[in-house]
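# Structural characterization, general
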Amino acid sequence: MLRALAENLWVTERPLRFGGVELGTRMTVIRLRDGGLFLHSPVHLDDALRAALPPLGTPRCAVAPNRFHHLFAGEYPAAFPGLRLFAAPGLAQKRRDLAIDAELSDTPPAEWAGEIDQECFKGFPLMGEVAFCHRASRTLLLSDLAFNVGPEASRGARIGFRLIGAYDRFGPTLVEKLLIRDRAAARRSLERILAWDFDRVVVAHGRVLETGGRQALRDGYQWL
């Protein structure tokens, strides 16, 4: 249900179909110093997950990190009174039905300031992704800025990622290369992310990259 990657850091995976292909998705859970839980890229909150979270801490912050990873975000405030929902820039206009408490920026809110760094990835308005770095575990959290899909994926995902140039390797796909509108702005965001102290990278789709993450991200975006 919840798999520990490091102290105060867990992930949980769920099936997810996108474009008719089983892609799978992952939520990351971070326990903050005050005992609150930071929930990145929420997955469907089934009964088992709802029961598994409170023993780890108090669910306080759910984060929809881009304009695509929001499908299940609304389930968490309803289940955990007092939890605040944070959303990527522009998501409020897309999901007017969501009761969003705050829009994310480059400045971490008080709830996780000093523990988790963040950067709105510029130049890619369709995605609007915010990247995060958990300082204590030296872990970068990405959603759709990089993938790590390999042989463990569904047949459809393996075929699809071969077609978009990202099968069995860590990094972005050809789609990101085509859709980034302002390369200079994107490059500045990437350099700020690469300046963080991280080694592990948790992606939403594919395998967790346990080590070598900074160089892998730099290599994946070398074309930028």
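What you see is a predicted model; the values in this text were computed from it and never measured. (Residues numbered from 1 in each chain as written. Predicted model: local features only at pLDDT ≥ 70, side-chain atom pairs only at ≥ 80, totals over all residues. Heavy atoms only, no water.)

This part covers the pattern of salt bridges. Per the stated rule, a full pass over the model turns up 15 salt bridges. Among the salt bridges present, the one from Glu-13 reaches Arg-26, with a minimum N-O distance of 2.8 Å. In this pair, Glu-13 is assigned in strand β2 (residues 9-14) and Arg-26 in strand β5 (residues 25-31), connecting sequence segments 13 residues apart. Of the residues examined, Glu-13 reaches a relative accessible area of 33% and is grouped as partly exposed. (Salt bridge = Lys/Arg side-chain N within 4 Å of Asp/Glu carboxyl O. Helix = DSSP H or I, 4+ residues; strand = E, 2+ residues; numbered from the N terminus. Buried < 20%, exposed > 50% of the residue type's maximum accessible area, 1.4 Å probe, protein only.)

Moving on: the nonpolar core. Phe-121, Phe-198 and Leu-217 are the most contacted members of the largest nonpolar core, which has 24 residues in total. Of all elements in the fold, only β11 (130-134), α6 (183-194) and α7 (213-220) reach the threshold of two or more residues within this core. No other element matches α6, which puts 4 residues into this core. Non-local contacts of Phe-121, meaning those with residues more than four positions away in its chain, are made with Glu-129, Leu-145, Ile-180, Ala-186, Ser-189, Leu-190, Ile-193 and Tyr-221. Core analysis: the second largest hydrophobic core is formed by 21 residues, Leu-45, Leu-49, Ala-73 and Leu-91 among them. (Core = buried A, V, L, I, M, F, W, Y, C linked by side-chain atoms within 4.5 Å. Contact = heavy atoms within 4.5 Å.)

Hydrogen bonds between backbone atoms are what pair the strands of a sheet, whose relative direction is either parallel or antiparallel. Ordered in space as β10-β11-β12-β13, the 4 strands form an open sheet in which the pairing is mixed. The two strands at the open ends of the sheet, each matched to only one other strand, are β10 (116-120) and β13 (200-202). Averaged over all adjacent pairs, the angle separating strand axes in this sheet is 20°, with direction ignored. As paired elements, strand β12 (residues 139-141) and β13 share 3 bridges and run parallel to each other. Each residue of the ladder has a partner; that of Thr-139, found in β13, is Arg-200. Its contacts with the sheet put α6 on β10, β11 and β12, and the angle it makes with β10 is roughly 170°. (Pairing = 2+ DSSP bridges. Axes fitted to C-alpha atoms, helices over the stretch in contact; angles between N-to-C directions.)

Size it by volume and the largest pocket reaches roughly 630 Å³. In terms of lining, the largest pocket is formed by 28 residues, of which the most central are Phe-18, Leu-23, Asp-144, Phe-147 and His-205. When residues of the lining of the largest pocket are traced back to their parent elements, those giving at least two are β3 (17-18), α4 (155-163) and α5 (174-179). In terms of residues, the lining of the largest pocket owes the most to one element, α4, which gives 4 residues. The residue inventory of the lining of the largest pocket, partitioned by class, reads 17 nonpolar, 8 polar and 3 charged. Roughly 180 Å³ of internal volume is contained in the second largest pocket. Surrounding the second largest pocket, 16 residues form its lining, Leu-23, Gly-24, Glu-152, Ala-153 and Gly-206 being those nearest its centre. Elements that contribute at least two residues to the lining of the second largest pocket include exactly β2 and β5. Looking at the lining of the second largest pocket, its residues break down into 5 nonpolar, 5 polar and 6 charged. (1 Å grid on protein atoms, 1.4 Å probe; cavity = no way out; pocket = protein on both sides within 12 Å on 5 of 7 lines; lining within 4 Å. Points joined across faces, edges and corners; volume = space filled by probe spheres on them. Nonpolar A, V, L, I, M, F, W, Y, C, P; charged D, E, K, R; others polar.)

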